Amino acid sequence: MYTMLPDSPPHLPVMPVEVRELAALEPGSIVIDGTFGAGGHARLLAAGLAGDGTYIGIDRDPSAEARFRDFAEEVAPLATRFLRMPFPDAFSLLLEEGVSADAVILDVGVSSMQLDEPERGFAYAHDAPLDMRMDPSSGAGAAELLATADLNELTRILREYGEEKFARPIAKAIVRRREDGDPITHTADLVEVIRSALPGGGRVLKGGHPAKRTFQALRVAVNDELGMLDRGLDLALELLKPDGRLVVMAFQSLEDRIVKRRIEAWSGSCTCPPGLPVCRCGALTHAASLTRGAQKPTAAEVAENPRSASTRLRAVRRIEPPRLVRDEYGAAL
Ligand SMILES: C[S@@+](CC[C@H](N)C(=O)[O-])C[C@H]1O[C@@H](n2cnc3c(N)ncnc32)[C@H](O)[C@@H]1O
């Protein structure tokens, strides 16, 4: 049986016990990991396959591909495959190929490695070109976004994706700086602009570094993180065999809200008018929730791995064929 190697990467997979239990893998299972990252969850789950099964890893970041090669060597003879593309695209491709999985895992957001590589421009704590693309070969980076988006668009991004209270003043300061012919090209430029827009230069604010929310918002926008999740979830469910498991970890409330709403929609609800003695709407259940609300990491895990603190985990079991939510007499099934 494959066991975790002592030199596995420094990245600690979040909520490992919960993920392993909810994925419920057995030797021979097929797993699709939409966010391979450093392969932390991959190593954990591959251990449950005992060398017999298939592990398909997906990541849009080119640096994940080399890490996947190491993983594939470690877990041989497990069958492995890597797709370097956004997970919704990979899910569509796998559906076209007729692949169906026992488990799909999504651990969305930025990885510790991306945050810890200053030259990627994700971190306000290190001066670097302002890029923030998970796939640096595709789309526009953060500096380009700041140079082109208009005031209203910038305000919306900061407010919606960063839940930044001072979205408007910060957006105004960004536009003012670019109108002065001084483009924001580096992380330190942006931190300076943010500080200039905040009361007391950002020093009096509670809730962490004054640039935290703006950086988060730009990263979400640059990588279309919410759109990807929105597009990917239905495809992920469709990829599952009957009774297959989907396990999703989100790191911020906006992502978790998308997952929660989608699970509610899959669970279905009877829309018949109140008092109707028999169910006529024929609402269907496509998935049954395996978690009550969102699960959070334990205090012990947060103490060991502080970056896990805001994780929210939800999981479902696919019901295929879909089942009626209520029988024709109105009783919940
Ligand atoms: C939080 S990390 C995953 C960590 C991984 N579970 C582990 O234990 O090592 C998220 C990873 O997913 C990738 N990612 C995020 N959004 C993606 C998307 N829409 N498509 C493909 N990869 C994505 C990022 O590049 C990053 O490597």
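Residues numbered from 1 in each chain as written. Predicted model: local features only at pLDDT ≥ 70, side-chain atom pairs only at ≥ 80, totals over all residues. Heavy atoms only, no water.

Asks: A description of helix 7 (residues 151-162) should follow, citing residues and the corresponding values.
Replies: Spanning twelve residues, helix 7 covers 16 Å between terminal C-alpha atoms, matching the ideal 16 Å at 1.5 Å per step. Those residues of helix 7 that fall on the buried side of the exposure criterion are L154, T155, I157, L158, Y161 and G162. On the buried face of helix 7, the contacting elements are helix 6 (142-148), helix 8 (167-179), helix 10 (212-222), helix 11 (225-239) and helix 12 (253-267). Just downstream of helix 7 lies E163, where phi reads positive at about 50°. (Helix = DSSP H or I, 4+ residues; strand = E, 2+ residues; numbered from the N terminus. Expected span 1.5 Å × (residues − 1). Buried < 20%, exposed > 50% of the residue type's maximum accessible area, 1.4 Å probe, protein only. Contact = heavy atoms within 4.5 Å.)

Asks: Explain the nonpolar core residue by residue, including any values.
Replies: In this structure, I32, F91, V104, L190, L233 and L246 are the most contacted members of the largest nonpolar core, which totals 65 residues. Looking at which element gives the most residues to this core, the answer is helix 11, with eight residues. Split by domain, the residues of this core number at least three in each of domain 1 (16-112 + 225-324) and domain 2 (135-222). Leave out the neighbours within four places in its chain, and L233 touches L106, L246, V248, I258, V259, R262 and W266. Grouped together as the second largest cluster of nonpolar side chains are 26 residues, V14, L22, L25 and A64 included. (Core = buried A, V, L, I, M, F, W, Y, C linked by side-chain atoms within 4.5 Å. Domains from an automatic or database assignment.)

Asks: If you had to explain the environment of A149 to someone new, which residues and values would you point to?
Replies: Mapped onto the elements of the fold, A149 is located in the loop between helix 6 and helix 7. Residues A149 and A171, 22 residues apart in the sequence, show an inter-C-alpha distance of 9.7 Å. Not counting residues within four places of it along the chain, the set of residues in contact with A149 comprises L154 and R178.

Asks: Got a sec to walk through the site of the ligand? Specific residues and values, please.
Replies: Every one of the 23 residues lining the ligand counts as a neighbour, but H41, D59, F87, D107 and Q114 are closest to it. The separation between a nitrogen atom of the ligand and a polar side-chain atom of D107 is 2.7 Å. Here an oxygen atom of the ligand sits 2.8 Å away from a polar atom, N or O, in the side chain of Q114. Grouping the constituent residues of the shell around the ligand by class yields nine nonpolar, ten polar and four charged. (Near = heavy atom within 4 Å. Polar contact = N/O pair within 3.5 Å; in protein donor to acceptor, adjacent residues only side chain to side chain. Nonpolar A, V, L, I, M, F, W, Y, C, P; charged D, E, K, R; others polar.)

Asks: Describe in detail unusual backbone geometry, supporting the description with residues and values.
Replies: Of note, the bond from A76 into P77 is cis; its omega dihedral lies within 30 degrees of zero at 15°. With respect to the helices, strands and loops of the structure, P77 is situated in the loop between helix 3 (62-75) and strand 3 (79-83). Put simply, E320 and P321 share a cis peptide bond, and its omega is 0°. Along the polypeptide, P321 turns up in strand 7 (residues 312-324). You will see that A24, though not glycine, has its phi angle at about 45°, which is positive. The residue A24 is located in the loop between helix 1 (16-23) and strand 1 (30-33) in this model. One non-glycine residue with positive phi stands out, namely D224, at about 45°. Looking at the element boundaries, D224 is found in the loop between helix 10 and helix 11. Classification of D224 as partly exposed rests on a relative accessible area of 38%.

Asks: Describe the sheet that holds strand 4 (residues 101-107), with residues and values.
Replies: Overall, mixed pairing links the seven strands, which are arranged 3-2-1-4-5-7-6 in an open sheet. At either margin of the open sheet sits one strand with a lone partner, and together these are strand 3 and strand 6 (284-289). Pairwise comparison of adjacent strand axes, ignoring direction, gives a mean angle of 20° for this sheet. Relative to strand 7, strand 5 (residues 240-250) is paired through six bridges, and the arrangement is antiparallel. Within the sheet, the bridge partner assigned to M249 lies in strand 7 and is L313. Of the strands in this sheet, strand 1, strand 2 (54-58), strand 3 and strand 4 touch helix 4 (residues 87-97), which is tilted by about 130° from strand 3. Packing of helix 11 onto the sheet brings it into contact with strand 1, strand 4, strand 5, strand 6 and strand 7, and relative to strand 5 it is tilted by some 150°. (Pairing = 2+ DSSP bridges. Axes fitted to C-alpha atoms, helices over the stretch in contact; angles between N-to-C directions.)

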